[in-house]
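# Chain and residue survey
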Amino acid sequence: MHVLILGGDGYLGWPTAMYFSKRGYDVTVVDNYLRRNNCTAIDVGMLYPVPTLQARAKLWYEKTGREIKVVIGDLTDAELMRSLFDGRVTYSWAVNDEFTGVPETVIHYAEQPSAPFSLIDYKTANLTVSNNLLVTNNLMFALKDLSPDTHVVHIGTMGEYGTPNIDIEEGWIDIEHKGRQDRFLFPRQAGSLYHTTKVMDTDLIWFCVRMWGLRVTNLMQGPVYGLETHETEGDERLYPIFNYDEVFGTIVNRFITQAVVGYPLTVYGRGGQTRGYLNINDTLQCVGKSVETPAKAGEFRIFNQIMETFTALELAEFTQRVGANLGYDVQIDHLDNPRKEAEEHYYNPTYQGLIDIGVEPHYLTDEVMAGMFRVVERYRGNIRKDVIFRGVKW
Ligand code: USQ
């Protein structure tokens, strides 16, 4: 089976490429280095340097004998998107330049993923809106015109739902109104512009599925933590892009880095913000199971992709405890919350669908977090305190 990964250079894209390659799939990755370039543009630094996508694919080939074809290009360009389905594509790196053929599966990560980045100013807002919606729209039209049977796995976000005062269902809700019943997308009320682009993605995709009978799985993912995946086998040149800064870093990765460098943990406000979290290896498992059991033609299948929930303060206390066991004196700070979000709220999402298709959850244990500490410690000298908090406000 041929798997096409859009956004193959990012935190999740590259690990996903190795995951499928190792399992015998033909893999093609596409990226325009948007994430890296945005990191450079706002000067946020990463924990360690990451080789180019071409260099990583070459390294992977030398280590495993498996080819991951690389395309460097901008997927907001509809012709580039269409070339991936009609064979006009030019590879930036490949062992064999011949077109692999139409992909049976497309995994769509090619979006600007940072909430703070989307709200720095009107320019980053425009970049987020135009990139995220154009890539999705280009994909939908390429499928309609060239490959309607291809299964898409799109990465959505739990943040689409916001923090409603009712239980969160998996994507859909049955509503009874004036004696009649129907099924609708669960109400969405995102808390950032980035998250709002994902709500718009959902509407766009659902329209295309309804009109053209496409098959799509939407994975509503919570914040991911972790650095090493099973496929890296300890080779740091294959590690994913890892951000710990305020704009691109996510909370668990940030807290561990802060603890290692002696920066008081940056809990925003009271810290009662509850989210669903998962290990990067579970992201791969969830995407893997979704690919093995594709959505049917005309089905927009939605799963909530989280394994457990924590408040921000619980994560800080978790980091403090694990840090203490490793000899760190970890302080917890409560900063004025730069975001507009509820700091105490009801949160009860359902997350059963992925388990039903065979995903086995892994949890954030002291041991898992200590393992992350040990990797981050190796790069302590690279950590820049000046990028940990700058205060991008909503
Ligand atoms: N938070 C802190 N201190 C920090 C960083 C974050 O208290 O130093 C809090 C935030 O206020 C928020 C929560 O932790 O309430 C999560 O923030 P985050 O920065 O880890 O994650 P978020 O901005 O929500 O976005 C991340 C990914 C995004 C993905 C989303 C899933 O960047 O791509 O869609 O997680 S979710 O949060 O479920 O929407």
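Relevant structure appears above.
Summary of the structure given here. (Residues numbered from 1 in each chain as written. Predicted model: local features only at pLDDT ≥ 70, side-chain atom pairs only at ≥ 80, totals over all residues. Heavy atoms only, no water.)

### Considering the site of the ligand
Counted only if it meets this: For each residue, the test is whether any non-hydrogen atom lies within 4 Å of the molecule or strand; if one does, the residue is near. For this analysis, a polar contact is any N or O atom pair within 3.5 Å, provided that within protein one partner can donate a hydrogen and the other can accept it, and provided that sequence-adjacent residues contribute only side-chain to side-chain pairs. Residue exposure ignores everything except the shown protein chains as possible cover, and the areas themselves are Shrake-Rupley values with a 1.4 Å probe.
Surrounding the ligand, one finds 22 residues, the nearest of these being Pro113, Thr157, Tyr194, Thr266 and Glu341. Note that an oxygen atom of the ligand is positioned 2.9 Å from one of the backbone N or O atoms of Gly159. For the ligand, an oxygen atom lies 3.3 Å from a polar atom in the side chain of Arg275. The protein chains hide 93% of the 730 Å² of surface that the ligand would expose on its own.

### A look at helix H10 (residues 312-325)
In plain terms, the rule: Secondary structure follows DSSP: runs of H or I at least 4 residues long count as helices, runs of E at least 2 residues long count as strands, and numbering of each begins at the N terminus. Each helix should span, by expectation, one fewer than its residue count multiplied by 1.5 Å. For every residue, the accessible area (1.4 Å probe, protein chains only) is compared with the maximum for its type, and the residue is labelled buried under 20%, exposed over 50%, or partly exposed between those bounds. Read the arc as the range of directions from the helix axis to the C-beta atoms. Here, two residues are considered to be in contact whenever any of their heavy atoms come within 4.5 Å of each other.
With 14 residues, H10 should reach 20 Å at 1.5 Å per residue; the first-to-last C-alpha distance of 20 Å fits that figure. Listing the buried residues of H10 in full gives Ala312, Leu315, Ala316, Phe318, Thr319, Val322 and Gly323. On an axial view of H10, the arc spanned by its buried residues comes to 160°, and they lie on one face. Looking at the packing, one finds that the buried side of H10 touches helix H8 (251-261), strand E10 (265-268), strand E11 (274-279), strand E13 (308-311), strand E14 (332-335) and helix H12 (366-378). Just downstream of H10 lies Gly327, where phi reads positive at about 95°.

### Regarding the sheet that holds strand E9 (residues 224-225)
The condition is simple: Two strands make a pair as long as DSSP finds a minimum of two bridges between them. The axes used here are C-alpha line fits, helices contributing only the stretch in contact, and every angle between their N-to-C directions lies in the interval 0 to 180 degrees.
With mixed pairing, three strands are arranged side by side in an open sheet as E9-E11-E13. Every interior strand has two partners, whereas the edge strands, E9 and E13, have only one. Lying over the sheet, H10 contacts E11 and E13, oriented at roughly 90° with respect to E13.

### Some points on the pairing of strand E5 (residues 151-157)
A regular strand places its side chains so that they alternate between the two faces of the sheet. With seven of its seven residues buried, E5 lies for the most part within the structure. Of the two faces of E5, the one holding His151, Val153, Ile155 and Thr157 and the one holding Val152, His154 and Gly156 are both buried throughout. Pairing of strand E4 (residues 105-108) with E5 involves four bridges; the strand directions are parallel. If you follow Ile107 over to E5, its bridge partner there is Val153. Two strands pair when backbone bridges link them, and E5 and strand E8 (residues 215-221) are joined in this way by seven bridges, in the parallel orientation. Looking across to E8, one finds that Gly156 is bridged to Met220.

### Things to note about the packing of helix H4 (residues 78-86) against helix H6 (residues 122-146)
Let me state the cut-off plainly: It is the rotation of the near helix from the far one that decides the hand of a crossing: anticlockwise by less than a right angle makes it left-handed, clockwise makes it right-handed. Note on residue categories: nonpolar means Ala, Val, Leu, Ile, Met, Phe, Trp, Tyr, Cys or Pro, charged means Asp, Glu, Lys or Arg, and polar means any other residue, Gly included.
Put simply, H4 and H6 touch, their axes get as near as 9 Å, and they point 40° apart. Note that H4 runs across H6; the crossing there is right-handed. Contacts from Ala78, Met81, Arg82, Phe85 and Asp86 in H4 reach Val135, Asn138, Leu139, Phe141, Ala142, Leu143, Asp145 and Leu146 in H6. Of the residues contributing to the contact of H4 with H6, the split by class is nine nonpolar, one polar and three charged.

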